[in-house]
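# Structural characterization, general
Spelled out from the first residue to the last, the chains are:
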Amino acid sequence: GAVVSQHPSWVICKSGTSVKIECRSLDFQATTMFWYRQFPKQSLMLMATSNEGSKATYEQGVEKDKFLINHASLTLSTLTVTSAHPEDSSFYICSARDSWGVAKNIQYFGAGTRLSVL
Amino acid sequence: AQSVTQLDSHVSVSEGTPVLLRCNYSSSYSPSLFWYVQHPNKGLQLLLKYTSAATLVKGINGFEAEFKKSETSFHLTKPSAHMSDAAEYFCVVSAPNTGNQFYFGTGTSLTVIP
């Protein structure tokens, strides 16, 4: 089946530093990737939608200058949390959408990245 | 717009007994419906999906769900719970009129008692 790899799985950083999270589709081309944030015991909140080669579309309330998204190829999207602060600590999950055949419109999820900002 | 209501935030069953996780949806367009499972500190795994074909959908690990348009429901069932089924389950709706964006329910935590 389709596999999405997310790296790193866990990162601890100091307040004020930037952290980059990678999301790769390993065996399919993903024209669209999504970034979600999940707070403990809560559902997933869509942060932004990323289309290959174009600027990401951010959801209302998500700071585009804080959460930089790049989707330079059909298999890779990155989320950079800039000048991270403790309130940015969370579980970040990416997903990728396969646009071909019967798998169209299914999102395949990465294993998530737990970010802890000290 | 689309929305999903998962009626139970927590369900507890004994091992070997049936599982029922309830989901109601709202959609102004023909929806696609999904169930995903999330184990602790893991990403989401697709259990099954409904996309306007057969109303009874069979998924992985013995799970199935039935799409009932008249009741706007998409409940997830399994005849016999296994310890490994303990996890968080999310019902998801999407539709073309909103760019196939996923709308998640708030999740149901399933506990399986040995």
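First, a word on scope: everything that follows refers to the structure included in this document. (Residues numbered from 1 in each chain as written. Chains lettered and ligands numbered in written order. Predicted model: local features only at pLDDT ≥ 70, side-chain atom pairs only at ≥ 80, totals over all residues. Heavy atoms only, no water.)

Let us now look at the overall build of chain B. The number of helices and strands found in chain B is 0 helices and 12 strands. Over its C-alpha atoms chain B spans a radius of gyration of 13 Å, differing by no more than 12% from the 13 Å that the globule rule assigns to 114 residues. Along the first, second and third principal axes, the C-alpha set of chain B runs to 45 × 30 × 20 Å. Looking at chain B as a whole, 45% of its 114 residues qualify as buried. If you sum the accessible surface of chain B, you get close to 5,300 Å²; carbon and sulfur atoms cover 53% of it. (Helix = DSSP H or I, 4+ residues; strand = E, 2+ residues; numbered from the N terminus. Rg over C-alpha atoms; globule rule 2.2 N^0.38 Å. Buried < 20%, exposed > 50% of the residue type's maximum accessible area, 1.4 Å probe, protein only. Areas by Shrake-Rupley, 256 points an atom, 1.4 Å probe, with all protein chains shown as cover.)

Turning next to the packing of aromatic side chains. In the structure shown here, the tally under the stated rule is 16 aromatic pairs over all chains. Plain terms: the ring middles of Y36 of chain A and F104 of chain B are 5.4 Å apart, the flat faces sit at 80° to each other, and that makes the pair edge-to-face. Residue Y36 of chain A is found in strand β4 (residues 30–38), and its partner F104 of chain B is found in strand β11 (residues 103–104); the two belong to separate chains. For the pair Y25 of chain B and F67 of chain B, a centre-to-centre distance of 5.7 Å together with 25° between the ring planes defines the contact as stacked. Here Y25 of chain B is found in strand β4 (residues 23–26), whereas its partner F67 of chain B is found in strand β8 (residues 64–68), with 42 residues between them in sequence. F67 of chain B matches Y25 of chain B in its accessibility class, with the two residues each being buried. Members of the aromatic cluster, each reached through a chain of ring pairs, are F34, Y36 and F109 of chain A together with F34, Y36, F90, F102 and F104 of chain B. (Phe/Tyr/Trp six-rings, centres within 6.5 Å; stacked < 30°, edge-to-face > 60°.)

Across the contact, 19 residues belong to chain B and 18 residues belong to chain A. The tally of links between chain B and chain A comes to 0 salt bridges. On the surface where chain B and chain A come into contact, there are 4 residue pairs in polar contact (both at pLDDT 80 or more). Contributing elements (two or more residues each) for the side of chain B that touches chain A: β5 (32–38), β6 (44–50) and β10 (87–94) of chain B. Of the residues contributing to the side of chain B that touches chain A, the split by class is 7 nonpolar, 10 polar and 2 charged. (Contact = heavy atoms within 4.5 Å. Salt bridge = Lys/Arg side-chain N within 4 Å of Asp/Glu carboxyl O. Polar contact = N/O pair within 3.5 Å; in protein donor to acceptor, adjacent residues only side chain to side chain. Nonpolar A, V, L, I, M, F, W, Y, C, P; charged D, E, K, R; others polar.)

To continue, consider the sheet that holds strand β3 (residues 19–25) of chain A. Residues and elements named next belong to chain A. A sheet is described by the order of its strands in space; here 4 strands give the open sequence β1-β3-β8-β7, paired in antiparallel fashion. This sheet does not close on itself; its edge strands, each paired only once, are β1 (4–7) and β7 (67–73). With direction set aside, neighbouring strand axes in the sheet form an average angle of 15°. Here β1 runs beside β3; their pairing, made up of 4 bridges, is antiparallel. Bridge pairing in β3 places V4 opposite S25. (Pairing = 2+ DSSP bridges. Axes fitted to C-alpha atoms, helices over the stretch in contact; angles between N-to-C directions.)

Keep in mind that these numbers describe shape and distance, not what the molecule does.
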